[in-house]
Amino acid sequence: MDESPPPPDVQSPPPPPPSHTGSPTDFLKGVVGKKVIVRLNSGVDYRGILSCLDGYMNIALEQTEEHVEGKITNRYGDAFIRGNNVLYISAAEEL
C-alpha cells in the first residue's frame, strides 16, 4: 500500500482548542471569595465577590454592583440571586 500524503486540496481539520483542566464544580470552588460577574437571563449583570453558592446555583454576593447595558444602576452590600435566574458566572479577575 502506498502511504503518500493527502492531495494538497484536502485540508486536515484544525487542531482542537486548548482544553482547560477541571470541571465546572472546580471552577466554582476556585472563585469563591473572588470577584465574579453573574449574568442573569434578563441580560442584567451583577458584579461582586462570590460569598457562597449551592447546588441550585443560588448565589450570595458581597460588594455587589448591578449593571444594566454596561452602566452601574445600583450598588448593594449583599445580594442574593436565585439560581434559576442565572445564565452564567464568570471570573472577573485572573484565577
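Quick notes on the rules
Residues numbered from 1 in each chain as written. Predicted model: local features only at pLDDT ≥ 70, side-chain atom pairs only at ≥ 80, totals over all residues. Heavy atoms only, no water. Helix = DSSP H or I, 4+ residues; strand = E, 2+ residues; numbered from the N terminus. Buried < 20%, exposed > 50% of the residue type's maximum accessible area, 1.4 Å probe, protein only. Areas by Shrake-Rupley, 256 points an atom, 1.4 Å probe, with all protein chains shown as cover. Polar contact = N/O pair within 3.5 Å; in protein donor to acceptor, adjacent residues only side chain to side chain. Contact = heavy atoms within 4.5 Å. Lys, Arg positive; Asp, Glu negative; His and termini not counted. Salt bridge = Lys/Arg side-chain N within 4 Å of Asp/Glu carboxyl O. Core = buried A, V, L, I, M, F, W, Y, C linked by side-chain atoms within 4.5 Å.

> Quick question: what am I supposed to make of the overall build of the protein chain here?
On a plain count of helices and strands, the protein chain comes out with 1 helix and 5 strands. Listed by position from the N terminus, the elements making up the protein chain come as α-β-β-β-β-β. Taken over 95 residues, the protein chain has a buried fraction of 24%. About 7,300 Å² of surface is accessible on the protein chain, with carbon and sulfur atoms providing 54% of the total.

> Would you mind showing me how to read the side chain of His67 here?
Examined against the element boundaries, His67 turns out to sit in strand β3 (residues 59–68). At a separation of 3.2 Å, a polar atom in the side chain of His67 contacts the side chain of Glu65. Discounting chain neighbours no more than four positions away, the residues touching His67 are Val44, Asp45, Arg47, Ile72 and Thr73.

> What is the right way to look at the side chain of Glu66 in this model?
Here Glu66 is to be found in strand β3. Despite its burial, Glu66 remains without a salt bridge, the nearest opposite charge being carried by Arg75 at 11 Å. Side chain to side chain, Glu66 and Tyr46 meet in a polar contact 2.6 Å long. In this structure, Glu66 is in contact with Val44, Asp45, Tyr46, Lys71, Ile72, Thr73, Asn74 and Tyr76, ignoring residues within four places of it in sequence.

> Explain the nonpolar core here, please?
Among soluble globular proteins, nonpolar side chains are generally buried collectively. Residues Val38, Ile59, Leu61 and Ile81 are the most contacted members of the largest nonpolar core, which totals 13 residues. Elements that contribute at least two residues to this core include exactly α1 (24–31), β1 (35–40), β2 (45–53), β3 and β5 (86–91). Broken down by element, this core gets its largest block of residues, 3 residues, from β1. Non-local contacts of Ile59, meaning those with residues more than four positions away in its chain, are made with Val38, Leu50, Cys52, Leu53, Ala79, Phe80, Ile81, Val86 and Ile89.

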